[in-house]
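Letter by letter, the chains look like this.
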Amino acid sequence: MKFASYMFLPILAGLCMVTALLAGGEAYHLTVSGLVKQPAVYSSGDLRDFKAVRARYCEIGRSGDFKGVFDYSGVSLKTLLEHARISKDGDGYSKPIDLAVVIRDGKGGVSILSWGEVMYGGYSEFIIALDAKAAMPMKDCGSCHTGGEEKKWRAPMDRRPGLPRLVMPGDARDSRAIEGVRSVEVLEIVPGPRRGKGDSPESFTITDGKRTREVASLEGAARVEIEARQVGDGKGFHGLKTYSGVSLAGVLEKNGFAPGGNAILYLTASDGYRSALSAGELTLGARGGSIMVADRLEGRPLGREGAFNVIFPGDSSADRWVKQLKTIEIVEAAPARREGKLLVIGVGPGDTAQVTLAAISAMAKADCFIATKDIAERFSHYMAGKPVLYDPLTSQMFYIKKTNPRLNAEEAKKMMAENRKRNKEALTRELHAGKIVGLLDYGDPTIYGSWTYWLPGAIGNTAIRVVPGISAFNAGNAMIGRNIVYNGSAVITVPDGILSNEPLLAATAAHGDTVAIFVGLHEIERLMPVLRKYYRDDTPAVVAYRAGYAREGRLVKTTLGGLPGVVEQNSEKFLGIIYIGPCVGDAPAGNCGGTE
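Calculation rules
- Residues numbered from 1 in each chain as written.
- Predicted model: local features only at pLDDT ≥ 70, side-chain atom pairs only at ≥ 80, totals over all residues.
- Heavy atoms only, no water.
- Helix = DSSP H or I, 4+ residues; strand = E, 2+ residues; numbered from the N terminus.
- Areas by Shrake-Rupley, 256 points an atom, 1.4 Å probe, with all protein chains shown as cover.
- Phe/Tyr/Trp six-rings, centres within 6.5 Å; stacked < 30°, edge-to-face > 60°.
- Buried < 20%, exposed > 50% of the residue type's maximum accessible area, 1.4 Å probe, protein only.
- Lys NZ or Arg CZ within 6 Å of the ring centre and 35° of its normal.
- Pairing = 2+ DSSP bridges.
- Axes fitted to C-alpha atoms, helices over the stretch in contact; angles between N-to-C directions.
- Contact = heavy atoms within 4.5 Å.
- Parallel < 35°, antiparallel > 145°, perpendicular 65-115°, else oblique.
- Left-handed = near helix turned anticlockwise from the far one by under 90°.
- Nonpolar A, V, L, I, M, F, W, Y, C, P; charged D, E, K, R; others polar.
- pLDDT = per-residue confidence, 0-100.
- Salt bridge = Lys/Arg side-chain N within 4 Å of Asp/Glu carboxyl O.

As a further point, take the overall build of the protein. Secondary structure assignment for the protein yields 18 helices and 28 strands. As displayed, the protein has an accessible area near 28500 Å², and 52% of this comes from carbon and sulfur atoms.

As C-alpha cells, this is what we get:
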C-alpha cells in the first residue's frame, strides 16, 4: 500500500473564443451514478463520441418572459441511462418505474425527473446539450416590431446558454433546464413497497405528508376522453382502448394540492404496484396533460381493473399505468443535500483498473476530495475536476519526518498536531456546508487505513461511511496464484502487531497458517529475531512487491533464512507484503486451501 499566440489576429481570436464558449468548448466532466450497474465519468470529449441528437427550443421563463430560440445539439439523457444500465437490487419492489433521476449543476442547482418520463419518451425529449446556436430570424425584426420593440425580442437571442445544459424542448417553461450540468444520479427517493394481494378499493387518497384527502368520485371536474394504445414491456400489445376521466393535474388542483417543482408523485395500487412521475413532467412536460385518472373504459365502469386507474397515454410503454389506484403520495424532494457526509473510498492497491464500480459511483457523488497527490493524479478522471481540500499525508508523522528531516521529535509532533487541526477545520467547514467529501484511500480503507487513527475522533463516526476497496492483500494473493490459507486460516499483521503479540505469532507458526506482514520491509532487522523463534529457516517465504501495479509488480520467492538478503537487494522498502508459511511455497502442504 502507498500513503502511498498570435498578436496579429486579435479579431479572429476573439471570434474563436466566442464560438468555443457557445459551442461548449470548455472542458468539463459529467458523472452518471446511483442505482446503475455501470457508473461512469464522461469528459466533454467522451460525450461528443455519442450519437448527437438535435432539437430547437423556444425558451419561455417561469413568468412567461421570452428567453430566446436556440438549436441545441448533444447527447440524449435516455442514451446515457441506457449505457449506465439501471440496477435496482434487493428483495423489495424491483421495477425501476418508481425511480428518480436527479440532475445537478456545479452550483447546487438541481432538476428532478422521473425515470419513466425519460425512458418512455423519445431520445430528443431530454438532451444534455453540448452545443447551442441561436436560431436568428431570417428577416429584419423591425419589419413587424417598431419603436425599438425589436430590441426586446432580439436581446435574448444574444444570450449564451451555459453548457452542458439539460434541455427539454417539449416543456412549456424552462424551469427544469439547468445549465452547467455536472452529474446524473438515479435514486430511489422513497423505498418501494412489497407486492402483495390487493383488494379493489372504491376510493383513493392523496397525501403530501401534511394533509390527506380521500377521493371517491371524479364528479365536479372537467372530464376528458383519451384513446390509448396499451403496450406493456412484459405482455405486449393489449389493444386500443378509450378511457375517460379527469386529468391527474385536474384531480390534484380540485383537491387543493400543488406539488413543488422538484416533487415526485408516487402512484400505488392496492397490491403494492407503484410508479412515479415528476411534478415537472405533469405541469410542464409535453405529455403531462394527457396523464389521466380514469374511471371509465369504453363508456363503462372499469370493472376488474378497479374503481380508478392512472393512464399514461404518451408513454411508449404502459408499465407506468396503475390499476386499482389506492394512493397518490406527493414527496417534495430536497433540492440540495442538507447533511454533510464523509465518504472514505477505497480506490484499490495501485492501478486504476483495480477501482470498483462502487468507488466510481461514490466519487461521482462527492463535492470535493481529500487525496494524496499520487491518487489525485491517477484518479483525476473520476474526480471530474472537483477540488481537493488537502493531502492527508500532511497529517502523518512519517511524512513530516521525511519532508522535514531537521525537526526534532517535539517539533515534528507539534507540526503534526497543527496540520491535523488545519485539515480538520477544512473538512468540518465543508461538512457543515452540507457537502459530501470523498476521502480517497489506498486499498481497502479498513485494512490499515491511516484515517482510522484520528479522523473518527475528530468528526465522529456518524458522519462517516466507508466504501470498500480491493486491498493490496488481495492483489498479492493473486500474484501468488493459489489459495494461501491453511486449514481455513491466514493472519494479516504489521511489524508492531508481531512484536507486541508473540503468542499470536507462535500459534500461527505452530498451526501452519500463512502470515502476511504489511509495511515490514524496512523493519526486517527487527522482525527476523522474533520470526526465527517460531519458524525454521527453510520455511517458504514470498515478497509481493508493489502488489496491484500491473507493470511494476514483482513476486520474489525465497525462504525465511533468505528473506533478509532479498530485502537488502531490492531498493523498494515500503510497497511490499511479506508472506511466510508452508502454503506459499512451490510445493504447498496438503491442507493448504482450507478444509472441505
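So much for the structure itself; the text now carries on.
Summed over all chains, the structure comprises nine aromatic pairs. With a centroid separation of 5.4 Å and 80 degrees between ring planes, the pair formed by Tyr42 and Phe50 is classed as edge-to-face. Under the relative-accessibility criterion, Tyr42 is labelled buried at 13%. A residue is classified by how much of its surface remains accessible, and Phe50, at 14% relative accessible area, is buried. Relative to Tyr579, the ring of Phe473 has its centre 6.4 Å away and its plane inclined at 20 degrees; by these criteria the two rings are stacked. Of this pair, Phe473 sits in helix H14 (residues 472–480) while Tyr579 sits in strand S28 (residues 576–580); the two residues are 106 residues apart in sequence, bridging distant segments of the chain. Comparing Phe473 with Tyr579 shows no difference in burial state: the two are buried. One cation-aromatic arrangement involves Lys78 over Tyr123; the distance from NZ or CZ to the ring centre is 4.4 Å. A cation over an aromatic ring shows up here: Arg554 above the ring of Tyr545, its NZ or CZ 4.6 Å from the ring centre.

Taken in spatial order, the five strands line up as S2-S1-S9-S5-S6 in an open sheet, and their pairing is mixed. Looking at the sheet topology across the chains shown, the edges are occupied by strand S2 (40–43) and strand S6 (110–114). The mean inter-strand angle of the sheet, taken between neighbouring strand axes irrespective of direction, is 15 degrees. Alignment of strand S5 (residues 100–105) against S6, held across five bridges, turns out to be antiparallel. Of the residues in S6, the one forming a bridge with Val102 is Ile112. The sheet strands contacting helix H3 (residues 77–84) are strand S1 (29–34), S2, S5, S6 and strand S9 (181–187), and the helix crosses S9 at an angle near 55 degrees. In the packing of helix H8 (residues 357–365) onto the sheet, contacts are made with S1, S2 and S9, and the angle to S1 comes to roughly 120 degrees.

With respect to the helices, strands and loops of the structure, Asn570 is situated in the loop between helix H18 (563–569) and S28. Setting aside anything within four residues of it in sequence, one finds Asn570 in contact with Tyr545 and Arg554.

Take the sheet that holds strand S4 (residues 66–76) next. Pairing in this open sheet of four strands is antiparallel, and the strands run S3-S4-S7-S8 from one edge to the other. Single-partner strands in this sheet number two, and they are strand S3 (53–60) and strand S8 (165–167). Mean inter-strand twist for the sheet, computed between neighbouring axes without regard to direction, equals 55 degrees. Here H3 sits on the sheet in contact with S4, strand S7 (127–134) and S8, set at roughly 30 degrees to S4.

In the segment running from Leu163 into Pro164, the intervening peptide bond is cis, with an omega of -5 degrees. Relative to the assigned elements, Pro164 resides in the loop between helix H5 (149–154) and S8. A positive phi angle, close to 60 degrees, is found at Arg85, a residue other than glycine. Considering the arrangement of structural elements, one finds Arg85 in the loop between H3 and S5. Residue Tyr448 is not a glycine yet carries a positive backbone phi of 60 degrees. The topology assignment puts Tyr448 in the loop between strand S22 (436–441) and helix H13 (455–459). According to the relative accessible area criterion, Tyr448 is partly exposed, its value standing at 25%.

Direction vectors running N to C along helix H16 (residues 502–511) and helix H17 (residues 524–534) enclose 45 degrees, while the axes themselves pass 9 Å from each other. The angle between H16 and H17 falls in the class oblique. Handedness of the crossing formed by H16 with H17: right-handed. Contacts between H16 and H17 pair Glu502, Leu505, Ala506 and Ala509 from the former with Val530, Leu531, Lys533 and Tyr534 from the latter. When its residues are assigned to classes, the contact of H16 with H17 shows six nonpolar, no polar and two charged.

For the rest of this paragraph, the subject is the confidence of the model for the protein. For the protein, per-residue confidence averages 88 on the pLDDT scale, and residues scoring 70 or more make up 90% of the total. Taken as a whole, residues 1–24 scores under 50 in pLDDT and shows 41 contacts with residues more than four places along the chain or in a different chain.

A few words on the pattern of salt bridges. Tallying each qualifying case throughout the model produces 32 salt bridges. We note a salt bridge from Arg176 to Glu117, for which the minimum N-O separation is 3.2 Å. Taken together, the residues span a long stretch of sequence, with Arg176 in the loop between S8 and S9 and Glu117 in helix H4 (residues 115–119) at a distance of 59 residues. Given the relative accessible area of 1%, Glu117 is considered buried. Across the salt bridge formed by Arg165 and Asp174, the nearest N and O atoms sit 4.0 Å from each other. Assigned by exposure class, Arg165 and Asp174 land together as buried. Several salt bridges converge on common partners, so that one network encompasses Glu59, Lys67, Arg159, Arg165, Asp174 and Glu179.

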